[in-house]
Structure formats: C-alpha cells, structure tokens
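Residue-level listing of the chains:
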Amino acid sequence: IPSVHIDNAAAARAVMEHLYGLGHERIAVVGGPPDNPLHRQRLEGARAAGKARGRLRNLTVVPGDFSVESGHAAGLALLARTPGPTAVFCFSDQMALGVLAACRDRGIRVPEALSIVGFDDLASSRYLTPPLTTIRQPMREIGERSVNLLLAIIEGSEVELQQTLDFNVMLRGSTAAPKLR
C-alpha cells in the first residue's frame, strides 16, 4: 500500500538513546493499542535501543490508546510503582500530556523527578510546563505528499510505494538527567 511516513522505529530509538544518554536506567513506554502499526513500529525501536544498551529488562510497557485519558491512567499506574521509572516515553503528545497531569496530581516535578517524552510535536507541546521533548514529524509535508500520491493513483500514474521523510527530536524542558538515589 503506498504511504508517506517517517521511520517510526528509528524515531523511537533516537528518543531512547537520548534518555539513556541522560543516564536513565528505568524507562517506561506508554504505547498505543497493540494491533496498531505505529505502536508496533515505535515499540520495535524502543526495544532495539534497550537491547543494544543491555537494558531491555528495565523497559516497562504500559498500554494506552494515544489519548490524554489513557496517558493520565498510565501515568498514575506508573507513579504507584516501587521503584518507579525515571523516564516515560509516550507514543503520542496527547498521552504525554496525560502523564504530565498525573505528575501534577501527585506532586511529582518534571523533569526533576521524572522525565517525559512525547511523539508528534503538536503545536501546544512547546507551550506546556515544562515544554515537552518530543518527535517532530513533518505533518504538512506528509499531508501534501499524501494528496499528490492519491492524485497520482487516481490518474493511473506510477507511484513510489514508500516515501520516508525525516523526523527531528525536539529537545525541550521535560527531560533531564535522573536524580541519584
């Protein structure tokens, strides 16, 4: 099936490398529905980074559905664990917003006590407190190329099946080195 996308596995690996580079050992992932291709690709990348660092056993995966509400529920569950994670990688900015709200509800300071990363770089992500570290996808370019792809298919033209675009890790204030315990 023709598509326009980023390399979701590579983006997730980049986020995990950022968190491991800061010194995080216990990282939780708040994923999407298990049958969702984006969830599977991002989880593949997160696990590959953990395996490469020999830290796969310290990776906790909590289900979500890409919504604020599922992020909030996952955040509350993760904050109740002992020991809890020092960082949470959410597979959407919406879920990251929910985890931020759970931290606010429990008096947990971000990033001092918990680092949080999202995925998508929604317009509001840079205005959160703290501003959210996230993966930026070129959404406008994805949309334009998708429309052009659809038009080419309708016209019967040959099309490139897979168009993979670049992504950026947007480093902002929601990640920091973990406190030593």
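Above this note sits the structure.
Just so it is clear, the model here is predicted, and its values are computed rather than measured. (Residues numbered from 1 in each chain as written. Predicted model: local features only at pLDDT ≥ 70, side-chain atom pairs only at ≥ 80, totals over all residues. Heavy atoms only, no water.)

## Details of the nonpolar core
Reasoning step 1: With 39 residues, the main nonpolar core has Met16, Val30, Val88, Phe89, Val99 and Ile116 as its most contacted residues.
Reasoning step 2: Counting residues per element, this core draws most heavily on helix α1 (residues 8–22), at six residues.
Reasoning step 3: Setting aside residues no more than four positions away along its own chain, Val99 makes contact with Val30, Gly71, His72, Gly75, Val88, Cys90, Leu114 and Ile116. (Core = buried A, V, L, I, M, F, W, Y, C linked by side-chain atoms within 4.5 Å. Buried < 20%, exposed > 50% of the residue type's maximum accessible area, 1.4 Å probe, protein only. Helix = DSSP H or I, 4+ residues; strand = E, 2+ residues; numbered from the N terminus. Contact = heavy atoms within 4.5 Å.)

## Details of the sheet that holds strand β4 (residues 87–90)
Reasoning step 1: Overall, parallel pairing links the four strands, which are arranged β3-β2-β4-β5 in an open sheet. If you trace the sheet from one side to the other, it starts and ends with β3 (59–62) and β5 (115–117), each paired once. Direction aside, neighbouring strands of the sheet carry axes that sit 20° apart on average.
Reasoning step 2: Pairing of β4 with β5, which is carried by three bridges, proceeds in the parallel orientation. Note that in β5 the partner of Ala87 across the bridge is Ser115.
Reasoning step 3: Helix-sheet contacts for α1 involve β2 (27–30), β3, β4 and β5, and the interaxial angle to β4 is about 170°. (Pairing = 2+ DSSP bridges. Axes fitted to C-alpha atoms, helices over the stretch in contact; angles between N-to-C directions.)

## Looking at the pattern of salt bridges
Opposite charge on two side chains allows them to pair when their charged atoms are near.
Reasoning step 1: One pass over the full model with this rule turns up eight salt bridges.
Reasoning step 2: In this structure, the salt-bridge partner of Glu25 is Arg55, at a minimum N-O distance of 3.3 Å. Linking Glu25 in the loop between α1 and β2 with Arg55 in the loop between α2 (37–52) and β3, this pair joins segments that are 30 residues apart in sequence.
Reasoning step 3: By relative accessible area, which is 17% here, Arg55 ends up buried.
Reasoning step 4: Between Glu141 and Arg145 there is a salt bridge whose closest N-O contact spans 3.0 Å. Of this pair, Glu141 and Arg145 both sit in helix α5 (residues 139–155), separated by four residues, roughly a single helical turn.
Reasoning step 5: The network of salt bridges with common partners includes Asp121, Arg136 and Arg172. (Salt bridge = Lys/Arg side-chain N within 4 Å of Asp/Glu carboxyl O.)

## Concerning the state of the cysteines
Reasoning step 1: Taken as a whole and judged by the stated rule, the model has zero disulfides.
Reasoning step 2: You can see Cys90 has no disulfide; the closest cysteine sulfur is in Cys103, sitting 9.3 Å from it. (Disulfide = S-S within 2.5 Å.)

## Regarding the environment of Leu165
Reasoning step 1: Take Leu165: it is sitting in strand β7 (residues 162–165).
Reasoning step 2: Leu165 sits in the buried class, given a relative accessible area of 8%.
Reasoning step 3: The sequence separation of Leu165 and Pro138 amounts to 27 residues, and the corresponding C-alpha distance is 7.5 Å.
Reasoning step 4: Those residues within four positions of Leu165 in sequence are excluded, and the remaining contacts are Val4, His5, Ile6, Asp7, Pro138, Glu141, Ile142 and Arg145.

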